[in-house]
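Examination of the molecular architecture
Below, each chain spelled out in residue letters.
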Amino acid sequence: TASDADAILTLCAENEQFYRYHPPLATKESVLEDLSALPPGKSAADKHSLGFFDGVHIGHGELLKMAVRRASERVCRSAAFTFDRSPREFVTGKSVPLLTTPAERAEIIRSQYGVQEVFVEPFDRNMMTMPWEDFIAELLIRKYHAVHLVAGHDYRFGHKNEGDVEKLKAYCTAHGLGCDIIP
């Protein structure tokens, strides 16, 4: 299972192709409109931050600021990725009181940290049982085109929390991805 620990996922396409994730209701016209609104010289790719971010505390802020910094360095859009609920709630079946709703978290992340977009993914059985390698390869790289990952020192991910920052760093090194671990 993914933990409530936080990580930053920064993404950037290697060329000018449009890799930006759009919700299912996006139309070709809305995608083209978004592309035309980009400033000259900006890539259409995104940088993503990954974490649960309930309450969006100072530690979250450091991760989000690093994602924004990396996005700026690579001339990409910054974005945050979060779950719709606490993974702990799904795993235990017990309600977990939250400080913020997904919409409130998104607004805080945008307004206080300058992250351009926030995406909410359902935490469900598929997410809970996803092997850590697939979490990186299929979700972060294939779906979101990650080229740089930033994680907190205690970040755990994948089925049974088998993924950790040491595995994350090793995977990134082996596959030519950038990686920052925030203490």
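Scroll up to find the structure.
The structure contained in this document is the topic of the report that follows. (Residues numbered from 1 in each chain as written. Predicted model: local features only at pLDDT ≥ 70, side-chain atom pairs only at ≥ 80, totals over all residues. Heavy atoms only, no water.)

Here, the word disulfide means a covalent bond between the sulfur atoms of two cysteines. One pass over the structure, following the stated rule, counts zero disulfides. Not part of a disulfide, Cys 172 finds its nearest cysteine sulfur in Cys 179, a span of 4.2 Å. (Disulfide = S-S within 2.5 Å.)

Along the chain, Tyr 144 falls in the loop between α6 (132-143) and β5 (146-152). For Tyr 144, a relative accessible area of 4% puts it in the buried group. In this structure, the C-alpha to C-alpha distance between Tyr 144 and Phe 81, residues 63 residues apart in sequence, is 10.0 Å. (Helix = DSSP H or I, 4+ residues; strand = E, 2+ residues; numbered from the N terminus. Buried < 20%, exposed > 50% of the residue type's maximum accessible area, 1.4 Å probe, protein only.)

This part is about the pairing of β5. Burial runs high along β5: seven of the seven residues are buried. Examined bridge by bridge, β5 and strand β6 (residues 178-182) share five bridges and lie parallel to one another. Each bridged residue has a counterpart across the sheet, and for Gly 152 the counterpart in β6 is Ile 182. On the question of chirality, the crossover connecting β5 to the parallel β6 by way of helix α7 (residues 165-174) is right-handed. (Pairing = 2+ DSSP bridges. Right-handed = clockwise from strand over helix to strand, strands pointing away.)

Looking now at the packing of α6 against α7. In a packed pair of helices, the relevant descriptors are the angle between the two axes and the axis-to-axis distance. For the pair α6 and α7, interaxial distance at closest approach is 11 Å and the crossing angle is 55°. As the angle between them shows, α6 and α7 are arranged oblique. The two elements α6 and α7 cross, and the hand of that crossing is right-handed. On α7, the residues that touch Trp 132, Ile 136, Ala 137 and Ile 141 of α6 are Lys 167, Leu 168 and Tyr 171. The class makeup of the residues in the contact of α6 with α7 is six nonpolar, no polar and one charged. (Axes fitted to C-alpha atoms, helices over the stretch in contact; angles between N-to-C directions. Parallel < 35°, antiparallel > 145°, perpendicular 65-115°, else oblique. Left-handed = near helix turned anticlockwise from the far one by under 90°. Contact = heavy atoms within 4.5 Å. Nonpolar A, V, L, I, M, F, W, Y, C, P; charged D, E, K, R; others polar.)

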